[in-house]
Amino acid sequence: MKQKVNFSLVITLITMSLIGISCNNASKKSNNETQKEMEHIVYTCPMHPEVEKSEPGKCPTCGMNLVKKDAMMKHSDMQMNDTIYTCPMHAEVELHEMGSCPKCGMDLVIKENNMEHSHEGHNHD
């Protein structure tokens, strides 16, 4: 009986030790990944993308707050995807990127209704 208790105690201690080591390694890995991510963050000015800093602050050119470069790029991608371009001669042609009309070759222009939609809720009186 005493051997069974000792054996169970040994197994329990080994299991707890392995769990503790595993958690400690996972924590170190997480901290290292976070530190690497922080080292690669670049802040830039929305108006002057040539300004790049490794920490938040103000743009030396215009004084605007610097934003994370990847956040600014996601925002500009989102704006580009919301814009609809159409042909002045073929209103049924609608694309999400600038280019030429596939029917007549004319340059596409921003769809007028799209411009109104993007300013929805704004009062221009």
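Computed from a predicted structure; not experimentally measured. (Residues numbered from 1 in each chain as written. Predicted model: local features only at pLDDT ≥ 70, side-chain atom pairs only at ≥ 80, totals over all residues. Heavy atoms only, no water.)

*Asks:* For this particular structure, what's the right way to read the confidence of the model for the protein?
*Replies:* Detail in the predicted coordinates should be disregarded across regions flagged by low pLDDT. Overall, the prediction assigns the protein a mean pLDDT of 75, with 62% of residues at 70 or greater. Low pLDDT, under 50, characterises residues 115-121; the stretch is placed with two contacts to residues that sit more than four places away or in other chains. (pLDDT = per-residue confidence, 0-100. Contact = heavy atoms within 4.5 Å.)

*Asks:* How do you make sense of the sheet that holds strand β6 (residues 109-110) when you look at a structure like this?
*Replies:* What holds strands together in a sheet is hydrogen bonding between their backbones, with the strands either parallel or antiparallel. Pairing within the open sheet is antiparallel, and its three strands lie in the order β5-β4-β6. Bordering the open sheet on either side are β5 (94-95) and β6, each of which pairs with just one other strand. In terms of strand pairing, strand β4 (residues 85-86) meets β5 through two bridges, oriented antiparallel. Across the sheet, Y85 pairs through a bridge with L95, a residue of β5. (Pairing = 2+ DSSP bridges. Helix = DSSP H or I, 4+ residues; strand = E, 2+ residues; numbered from the N terminus.)

*Asks:* For this particular structure, what's the right way to read the environment of M89?
*Replies:* With respect to the helices, strands and loops of the structure, M89 is situated in the loop between β4 and β5. Taking the relative accessible area as the measure of exposure, M89 reaches 59% and is therefore exposed. Residues M89 and K103 lie 14 residues apart in sequence; the distance between their C-alpha atoms is 9.3 Å. (Buried < 20%, exposed > 50% of the residue type's maximum accessible area, 1.4 Å probe, protein only.)

*Asks:* Could you clarify how one ought to interpret the sheet that holds strand β2 (residues 52-53) in this entry?
*Replies:* With antiparallel pairing, three strands are arranged side by side in an open sheet as β2-β1-β3. Because the sheet does not close on itself, it has two edges, and the strands there are β2 and β3 (67-68). Where strand β1 (residues 43-44) lies against β3, two bridges are found, and the strand directions are antiparallel. Across the sheet, residue T44 finds its bridge partner in β3, namely V67.

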